[in-house]
Amino acid sequence: MNSVFSQIKYSYPIKFITISDYRIAYIDEGDSRNVLLFIHGLGSYLKAWDRNIPELKKYFRCVAIDLPGYGKSSKQIHSGEISFYTKIIDEIIIKLELKNISLVGHSMGGQIAASYVLDYPNRIYNLILVAPAGFESFNEDEVELIKKIMSPEILIKTSDNQIRLNYKFNFYNMPVEAEEMIADRIAIKKDSDFSNHSTVVSNSLFGLLKAPIINRLNEINIPTLILFGKNDLLIPNKSIHQTTTEEIAIFGSSKIKNSRLILFDKCGHFLQFEKPELFNSNIISFIE
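Residues numbered from 1 in each chain as written. Predicted model: local features only at pLDDT ≥ 70, side-chain atom pairs only at ≥ 80, totals over all residues. Heavy atoms only, no water.

**Focus: the overall build of the chain**
What the chain contains, in helices and strands, is 11 helices and 8 strands. The C-alpha radius of gyration computed for the chain amounts to 17 Å, which stays within 12% of the reference 19 Å derived for 288 residues, consistent with globular compactness. When the backbone C-alpha atoms are referred to their principal axes, the chain occupies close to 45 × 45 × 35 Å. When each of the 288 residues of the chain is scored for burial, the buried share is 58%. Long-range contacts, defined here as pairs at least 24 residues apart, represent 77% of the contacts in the chain between residues at least 6 apart. Carbon and sulfur atoms provide 50% of the accessible area of the chain, an area that totals close to 12,500 Å². Each charge class in the chain was averaged separately, 32 positive and 33 negative side chains, and the resulting centres sit 2 Å apart. (Helix = DSSP H or I, 4+ residues; strand = E, 2+ residues; numbered from the N terminus. Rg over C-alpha atoms; globule rule 2.2 N^0.38 Å. Buried < 20%, exposed > 50% of the residue type's maximum accessible area, 1.4 Å probe, protein only. Contact = heavy atoms within 4.5 Å. Areas by Shrake-Rupley, 256 points an atom, 1.4 Å probe, with all protein chains shown as cover. Lys, Arg positive; Asp, Glu negative; His and termini not counted. Charge placed at Lys NZ, Arg CZ, Asp CG, Glu CD.)

Next up, the structure:
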């Protein structure tokens, strides 16, 4: 079988490498010596960067991956723990012989990226956190509440209408280009691997909650760009924490010594997809 989740199509040729018994799908575009390594968020896939790579590949070598259990990577069930993902990222970097890396992570990918820099402090030149998870903490009761609404069974039974609403929550003004991702999410419900994928998504959320990084952000010493949409409906968790996205963003960025925070007006959680021109220009200026 050439790939899993055959219902979805990618904009660029897909390559595969085997890492720790997982077949990892990735794209590799551009030929600069400076690498952008992209890590997607919870329940997402490498198409999260479709509105960024066409421009950014003119300046950088752009490598975007599907994490194990997501997109076209293999779907074995795994723990979803942050330490599992950082190990996978490290093995990808070694196997692809990536150098001069700026690590870019969105949402869950942001927490994974920050955790990777903490675990492997000498591998990465720049860190770019895009609406990252990990800037807020949760007590045991809050964790149990979140677990109840993100079980694999609930994810499997999500209706088409709810899928559309879930995507809308990611945006201030949802761009028409997001329709393709909605269609993909609906289509994969029919795939034989969808149950495993749903379990991985649920496990990954619990993995995030089990490995908070807010108290370790002061250990990050490399140049860090932090980007948030001011109208993010997902971070912080609005049903639990009575604070604003801007307050969370300022608090988290204050912990990282060599960081720069930029807030996008009239923009939601999926800011690289909602405001790609602004996102791309900030990435280029930050690295160059």
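**Re the nonpolar core**
By size, the foremost hydrophobic cluster in this structure holds 97 residues, and its most contacted members are L37, F38, L67, I89, L127, I220 and I283. Discounting chain neighbours no more than four positions away, the residues touching I89 are L37, I39, I65, L67, I112 and Y116. (Core = buried A, V, L, I, M, F, W, Y, C linked by side-chain atoms within 4.5 Å.)

**What about a nonpolar patch on the surface?**
On the surface, L165, F169, L233 and L234 cluster together to form a nonpolar patch covering roughly 330 Å² of accessible area. Structurally, L233 can be placed in the loop between β7 (224–229) and α9 (245–255). The exposure class of L233 is partly exposed, given its relative accessible area of 43%. (Patch = residues over 30% accessible without salt bridge, like charges linked within 9 Å, V, L, I, M, F, W, Y side chains within 5 Å. Salt bridge = Lys/Arg side-chain N within 4 Å of Asp/Glu carboxyl O.)

**Some points on the sheet that holds strand β5 (residues 101–106)**
On the basis of which strands lie adjacent, the open sheet formed by 8 strands has the order β1-β2-β4-β3-β5-β6-β7-β8 and mixed pairing. Each having just a single partner strand, β1 (15–19) and β8 (259–264) make up the two edges of the open sheet. Strand-to-strand twist in this sheet, taken as the mean axis angle between neighbours without regard to direction, amounts to 20 degrees. In the packing of α9 onto the sheet, contacts are made with β7 and β8, and the angle to β8 comes to roughly 170 degrees. This element, helix α11 (residues 276–287), spans β3 (35–39), β5, β6 (124–130), β7 and β8 of the sheet and lies at about 155 degrees to β6. (Pairing = 2+ DSSP bridges. Axes fitted to C-alpha atoms, helices over the stretch in contact; angles between N-to-C directions.)

**A word on the environment of K57**
In this structure, K57 sits in the loop between α1 (53–56) and β4 (61–65). Taking relative accessible area as the criterion, K57 reaches 30% and is therefore assigned partly exposed. Other than its neighbours up to four places away in sequence, K57 contacts Y12, E29, G30 and C62.

**Describing unusual backbone geometry**
Cis geometry marks the peptide bond from I235 to P236, where omega comes out at 0 degrees. Counting through the fold element by element, P236 comes out in the loop between β7 and α9. Even without glycine at this site, E97 takes up a positive phi of about 55 degrees. For E97, a relative accessible area of 61% puts it in the exposed group. One non-glycine residue, K266, adopts positive backbone phi at about 45 degrees. Its location among the elements puts K266 in the loop between β8 and α10 (271–274). With relative accessibility at 56%, the residue K266 sits in the exposed group.

**A look at the layout of surface pockets**
Counted as a void, the largest pocket has a volume near 1,400 Å³. Around the largest pocket, the lining comprises 45 residues; the ones closest to its centre are L42, M150, N170, L205 and L234. Secondary-structure elements contributing two or more residues to the lining of the largest pocket are α3 (108–119), α4 (140–149), α5 (152–156), α6 (160–168) and α8 (194–210). The dominant element in the lining of the largest pocket, judged by the number of residues it contributes, is α8, at 7 residues. Here the lining of the largest pocket is built from residues that sort into 25 nonpolar, 17 polar and 3 charged. (1 Å grid on protein atoms, 1.4 Å probe; cavity = no way out; pocket = protein on both sides within 12 Å on 5 of 7 lines; lining within 4 Å. Points joined across faces, edges and corners; volume = space filled by probe spheres on them. Nonpolar A, V, L, I, M, F, W, Y, C, P; charged D, E, K, R; others polar.)

**Points about helix α7 (residues 178–187)**
Among the residues of α7, those classed as buried are A178, M181, I182, D184 and R185. One face of α7 carries all of its buried residues, which in axial projection span an arc of 160 degrees. (Arc of directions from axis to C-beta.)

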